Structures are given as C-alpha cells and as structure tokens.
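Each chain, written out:
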Amino acid sequence: ESDKSKVVDLANRHTKPSGTTYQYGTAGFRMKADQLDPVMFTVGIVAALRSKKLDSKIIGVMVTASHNPEEDNGVKLVDPRGDMLEQAWEGYATALANSSSPEELVHQIHQMVTALQIDLSKPANVIYARDTRPSGPALVSALVDGLKAAPGGTTTYTDEGVLTTPILHYLVRCKNTLGTEEEYGVPTEEGYYEKLATAFKKLLKPRGSIDSQNAPEELLVDCANGVGTTATEKLAKHLEGYIKLIPVNTSIDKLGVLNKGCGADYVKTQQKLPPSMVPLLQPNQRACSLDGDADRLMYYYLDRNGKFKMLDGDKIAALVAGFFGELMEHAGISKEELDVGVVQTAYANGASTHYLSQRVPVQCVPTGVKHLHHAAEHYSIGVYFEANGHGTVLFSANALNVLRRHQATSPAQQASLENLIALTELINQTVGDALSDMLLVEVVLAYRGHGGAEWDSLYTDLPNRLVKVSVKDRGAFKTEDAERRLTAPQGLQDKLDALIKKYEGGRAFVRPSGTEDVVRVYAEATHKVEADELAFKVAGMVY
Ligand code: 16G
Ligand code: ZN
C-alpha cells in the first residue's frame, strides 16, 4: 500500500498531457524535450524493475537525442552487458509511459510485475548519464523521481554526469562484470580513455608491421558542439605523442549550436564539409565528424584538387573487414577457426555490399543498432556498420579464447596475434562508438600506409538519393526482407519493381521511419540523374 501511494504521489508531479502518445522506438523514446518529463519518470520505474528482474544487475539510462536538434531529447535503457534493452521490454516501457493517470500507472506496473514474475523485494541498481542538451538536468530529476517511486526493495542510483552514449554503455558492462572472468575494464570514465589509449599505443608502437610514422600528425575531429568535445579533449591527452587530436566545433556551453551545420548526420545527409571545417582542411587531408552523443562517425577527405569525398559507415566496414582477414592470415589463424562476417542494412551502398560479398559473408537486417548488433554476435568476428556511421566490431567468447590460446610460429605471427588482441581492447564491444572507431580507422590506415584516397578507392559508391515523404499513415507501410520490400499497401511493391527495372543498376526501397512521422525512400542507380529520378518517382507513388 505504501508503495502504491509513493507511486501516486510522485506520479502526480509528472502527469502525461492528454493526447500525447509515447513509443519506445528504434532508439528509445525521442521527441521534443518539453514533452518528455512524464516519460522520464516512468522510465525510472522501468529501469528499477529491469534491475530487479535481472538479480539486481546494474541497468543504464542514457538521456540523449543523439544527432537530432538541440530542442529534442530522448532516453534509452542499457542492459547489463552494455547492449540495448531487450526488445520484449520495449512494450512494457511504452505501456507505462502511456498510462493516463497515476492510478492507471499503478495498475500497469502491477500487470507488468505479474506477467514478468518480478521479485520486487530485490534491490535495484541503476546508473544514468546525459549529453550536453540544456534540457538534460530537468529530465534527469524526473528520472530520479521515477527511481524513487519504484516499488519494493531499495533502488540505488548513481549520476554519472555528462558522458557520451558509448561511455555509459562501457560503464554498465564494466560494473556488471567487475571481479568476474569477463571483466571488461576499470568502471570509470578515466578507465575508458585509459583502455582505448593503451590499446592504441600497443597497435601503433613501431613494431610488427604497424608503423606509427604512417599515422597523421594531427586529426581534426568535428565534435558537433556536443558531449564528444570533452571526451575528445580527454582522450587526446592520453594519446599525446601518438596522434594529435584537434577538436573542432566545441561550443558545448553555447545555446542553439548542437549538431547545427556540423556533426556526422550533417555530413552524411548534406554530403559536404561542415562549413567550420572548410578553412581548416587542406587538400589530401582527412578529418572526421562525431554526432551529438558520439556514437556515430563519418570520415571525409579533400582530394588533391580540394574536392570533398565522404567515407561513411559502409567504407569503414569495408576497410575494417578486410583488415581482420589480413591480420588473421598473418597470425596463422584460418577462416575455419574464426569466421569474419559483416552486417549491414538496406541503406548500405550497393557498391559496398558488392565489394564485401566477394570477400566475406554479408547479411542485411532491419534498420537500428539492436538488429545489427544481434546479427553480428553470430560471427567469431562480427563487423556491423550502418551507412550513417554507427557501428562496431564484436568478438565472440570463442574468438577471444582462440586468440588467447593460439601459438604463433614466428615473430611476425606473434606480432599479428598481439595486434589482434589489442584490437579486441581498442574496439568498444558494447555499442557503436565514434571515438573507438576513429582510433580503429587510424590504426588500419597507418598499418597500410594509406590515406583517404587509397581507402576511398576500395570501391566507388553508386550514386544515391534519400527522400522523406509525409504520408497520412506511415503505419500502412509494412516491410519484409530486412525492409527491402513492401508487403503493404497491397500491390505497391509490384509497381515499384516494374519501375526499378527500367533503371540501370537501379535499386530502391520504401520503409516507414522509426524516429519521425515520415516514410523514407532510398534509390540508387549507375548514374546520378537516374538515382534522383528514381527516388522522386518512387516518392510520387508512395504519396
Ligand atoms: C536511430 C538508430 C539508428 C538508425 C536510425 C534510423 C540506434 C541507436 N539508433 O537513430 O541506428 O539508423 O534510428 O532512423 O539504434 P529512421 O528509422 O528514422 O530511418
Ligand atoms: Zn548518436
């Protein structure tokens, strides 16, 4: 009974406006920040219940809207191993968020506890962090009210402050594995930088075939005026003498500039340099952009004529997948012992899929990191990247064992083996991480003595076009085959097929967005004008 009045009391301070519907979507709840207060409250309750259900393991809560505008915000839950909330729980999180009154909320909690057989007497443990958005602190206090309102045994919670999304994921995994065989690292922000820097220095030590002389003297890092700024600055200190990271777009205290005219999403969607980079970047020089919570990475360079060239998530996947194959061969580890696989989405450029398929198994899954992450877990070394720059490389438990046990038969093999092991430390195993991915890219390029142009030449992107279409009901669009084909509205896919056939190298698909109230159309073709035309014709058929 006291539990119930506690929920009702606190819920009264976070009432849901009527007429708003919340949805735990592709990346948690995300919308205009001023609508999120009641959601934060119920998410606090869900986080505590999730911890109780998992024997008091630590659950993470990240408050961010990533690459979206500054006035947006969002929240997502992190499971004990540092991966995204189990999908089955998204529905419960949605149901609690949509409770129309405190009494209804109490009822929803009861339903959830019964259905999932949660032992409420167990203590709960939750940690949380936020990005630099000005709406963050107030939303965090709503979250804390939710944590306080959670029924049953004590809920312990820790404010981890302002962090990148991948650092919060890292902390969750470290804290839950502390003192076990699977220990992941020192569970502090500093421990994260130290772990990455130590691995990077092992890889770039002038030993084996990776020569630090090939690393660029300095690398410009566009921090999107977000939380990546502090993380890049701190990481840079740890890397002194190895690579000089120069943060650009670092105004975290200035209002209205987050992700504006800069950042990974700007680069990917505009396919051009952030204006702030124009005076800084020289021909033949590369640089990169992070997004607002530093989990996406876009590279680019100016060719010798000063023309902008983009190196997106697909290019990173192509670079990295090949590298692992090469190192394994040099270490004397066969493809039978460890298989490398790549996971992409329908947005992957057709040329990248073609390039990769000739070398490794490639799988296509629906959009959203959780889908890619789970598919990548089925390989010994699973490389996953979305074209937008979100991705990482996962090593299976077996892969780690094989690397630990492998006996090198020459110093060269030994060096490659040590490099592979260092890579398992350099790469964030919990989620896509722009900073970790950036160091990975620099290692591969240094190893090969390559710059942007050589990397870019792995394959040539097919011209492509992305269009958003506002429709009456995006729920009417249903897809199959990893979102590459429509099953509804009825008959539409057949019409699309007939159209696409007319274009050389044509490929197009339509899918409802998971983050905006629109339908997205993607088209590619051998020639730019045709890719554009195909996209607009498809958009016309959808509308
Ligand atoms: C979210 C996803 C991102 C995906 C995007 C697609 C995570 C952490 N983020 O930002 O991976 O590419 O949604 O958005 O899963 P859309 O459904 O609106 O096209
Ligand atoms: Zn992000």
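Structural data are supplied above this passage.
Each chain carries its own residue numbering, running from 1 in the direction its sequence is written. Whichever chain is written first becomes A and whichever ligand is written first becomes 1, with later ones labelled in order. Given that the model is predicted, a residue must reach a pLDDT of at least 70 before its local features are reported, and side-chain atom pairs must reach 80 or more before they are shown or counted; all residues, however, enter totals for whole chains, interfaces and linings. To get the side-chain values, all heavy atoms of the structure are used, and hydrogens and water are removed first.

Enquirer: Sorry if this is basic, but what is going on with the site of ligand 1 here?
Expert: For each residue, the test is whether any non-hydrogen atom lies within 4 Å of the molecule or strand; if one does, the residue is near. Around ligand 1 there are 18 residues in total, and Glu386, Ser513, Gly514, Thr515 and Arg520 lie nearest to it. The definition of a polar contact used here is a pair of N or O atoms within 3.5 Å, where within protein one atom must be able to donate a hydrogen and the other to accept one, and adjacent residues in sequence count solely through side-chain atom pairs. Between ligand 1 and the protein, one listed contact pairs an oxygen atom with a side-chain N or O atom of Ser513 at 2.5 Å. Between Arg520 and ligand 1, the recorded distance is 2.7 Å, taken from a side-chain N or O atom to an oxygen atom. In the complex, 93% of the free accessible area of ligand 1, which totals 450 Å², lies under the protein chains. Here the term charged refers only to Asp, Glu, Lys and Arg, the term nonpolar to Ala, Val, Leu, Ile, Met, Phe, Trp, Tyr, Cys and Pro, and the term polar to all other amino acids, Gly among them. A breakdown of the residues in the shell around ligand 1 according to their chemical character gives three nonpolar, nine polar and six charged. All accessible areas in this document rest on Shrake-Rupley with a 1.4 Å probe, and a residue is counted as covered only by the protein chains that are shown.

Enquirer: Can you help me understand unusual backbone geometry in this one?
Expert: Comment: phi is negative for the bulk of residues other than glycine, and the bulk of peptide bonds are trans. At the junction of Ala488 and Pro489, the peptide bond is cis and its omega measures out at 0° in the coordinates. The helix count covers DSSP runs of H or I at least four residues long, the strand count covers runs of E at least two residues long, and both are numbered beginning at the N terminus. If you trace the backbone, Pro489 turns up in the loop between β17 (485-488) and α17 (492-500). Phi is positive for Asn259, close to 60°, though the residue is something other than glycine. With respect to the element layout, Asn259 can be found in the loop between β7 (244-248) and α9 (264-270). One non-glycine residue, Gln271, adopts positive backbone phi at about 50°. Within the fold, Gln271 resides in the loop between α9 and β8 (286-290).

Enquirer: Any chance you could explain the pairing of strand β11 (residues 340-344) here in plain terms?
Expert: In terms of burial, β11 is a largely internal element, five of the five residues being buried. The alternating pattern of β11 places Val340, Val342 and Gln344 and Gly341 and Val343 on opposite faces, both of which are buried. Pairing of β11 with strand β13 (residues 381-385), which is carried by four bridges, proceeds in the parallel orientation. In the sheet register, Gly341 faces β13, and the bridge partner there is Gly382. Being paired, for any two strands, means DSSP has found at least two bridges between them. The sheet contact formed by β11 and strand β12 (residues 362-364) spans three bridges and is parallel. Across the sheet, the residue bridging to Val342 is Val362, located in β12. With a 1.4 Å probe rolled over the protein chains alone, any residue whose accessible area is under 20% of its type maximum counts as buried; one over 50% counts as exposed, and the rest are partly exposed.

Enquirer: Got a minute to help me understand the packing of aromatic side chains in this structure?
Expert: Each aromatic ring pair is characterised by the separation of its centres together with the angle its planes make. In this scheme Phe, Tyr and Trp rings, the latter by its six-membered ring, pair at centre separations within 6.5 Å, and the angle between planes marks the pair as stacked below 30 degrees, edge-to-face above 60, and tilted otherwise. For the structure shown, the criterion picks out 14 aromatic pairs. For the ring pair Trp89 and Tyr92, a centre distance of 6.3 Å and an interplane angle of 65° mean the geometry is edge-to-face. Taken together, the positions of Trp89 and Tyr92, both in helix α3 (residues 88-97) and three residues apart, correspond to about one turn of that helix. Residue class for Trp89 comes out buried when judged on its relative accessible area of 2%. The exposure class assigned to Tyr92 is partly exposed, which follows from its relative accessible area of 25%.

Enquirer: Explain the coordination of the zinc ion (ligand 2) to me, please; I cannot follow it from the model alone.
Expert: Around a metal, the idealised angle for a tetrahedral arrangement of four donor atoms is 109.5 degrees; for an octahedral arrangement of six donor atoms it is 90 or 180 degrees. A 2.8 Å cut-off from the metal defines N, O and S donors, relaxed to 3.2 Å for Na, K and Ca; water is not in the atom list, so some sites may appear incomplete. The zinc ion (ligand 2) binds to the protein through Ser66 (OG), Asp291 (OD), Asp293 (OD) and Asp295 (OD), with metal-donor distances spanning 2.0 to 2.1 Å. Think of it this way: with four donors and all angles in the 85 to 135 degree range, the site is tetrahedral; with four or six donors, opposite ones beyond 155 degrees and the rest between 65 and 115, it is square planar or octahedral; otherwise it is irregular. Its four donor atoms give the zinc ion (ligand 2) angles of 87 to 169° at the centre, a pattern that matches the irregular case. Of note, the zinc ion (ligand 2) draws all its donor residues from one chain, in the sequence arrangement S-x224-D-x1-D-x1-D. The exposure classification of Asp293 matches that of Asp295, with both residues buried.

Enquirer: I'm lost on the sheet that holds strand β15 (residues 464-469) in this one. Help?
Expert: Strands in a sheet are paired, the pairing made by backbone hydrogen bonds, and the direction either parallel or antiparallel. Reading across the sheet, the three strands line up as β15-β19-β18 and stay open at both edges, with antiparallel pairing between neighbours. Looking at the sheet topology across the chains shown, the edges are occupied by β15 and β18 (507-512). Pairwise comparison of adjacent strand axes, ignoring direction, gives a mean angle of 15° for this sheet. Relative to strand β19 (residues 519-524), β15 is paired through six bridges, and the arrangement is antiparallel. Looking at β19, one finds that Val469 is bridged to Val519. Here, residues are in contact when the closest pair of their heavy atoms is within 4.5 Å. Comment: axis = line fitted to C-alpha atoms, over the contacting stretch for helices; angle = value between 0 and 180 degrees taken between N-to-C directions. In the packing of helix α18 (residues 528-542) onto the sheet, contacts are made with β15, β18 and β19, and the angle to β15 comes to roughly 20°.

Enquirer: What is the right way to read helix α15 (residues 434-448) from this model?
Expert: Structurally, the α-helix is built with 3.6 residues per turn, so residues lying three or four positions apart point the same way. Between its first and last C-alpha, α15 extends 21 Å over 15 residues, near the 21 Å set by a 1.5 Å rise per residue. In terms of burial, α15 is largely enclosed, as 14 of its 15 residues are buried. For α15, the side-chain oxygen to backbone nitrogen distance between the N-cap and Leu435 is 3.0 Å, and the N-cap itself is Asp433. Gly449 lies just past α15 and shows a positive phi near 65°. Expected span of a helix, by definition, is 1.5 Å for each gap between consecutive residues, and there is one gap fewer than residues.

Enquirer: It is not clear to me how the pattern of salt bridges should be interpreted in this structure. Could you clarify?
Expert: Pairing is possible between side chains of opposite charge, provided their charged atoms come close. For this document, the term salt bridge refers to a Lys or Arg side-chain nitrogen within 4 Å of an Asp or Glu carboxyl oxygen. Scanning all chains against the criterion turns up 25 salt bridges. One salt bridge in this structure joins Lys122 and Asp55, with 2.5 Å as the shortest N-O distance. A residue pair is termed long-range when its members are at least 10 positions apart, and Lys122 in the loop between α4 (102-116) and β4 (124-130) and Asp55 in the loop between α2 (37-53) and β2 (58-63) qualify at 67 residues. Since its relative accessible area comes to 52%, Asp55 is described here as exposed.

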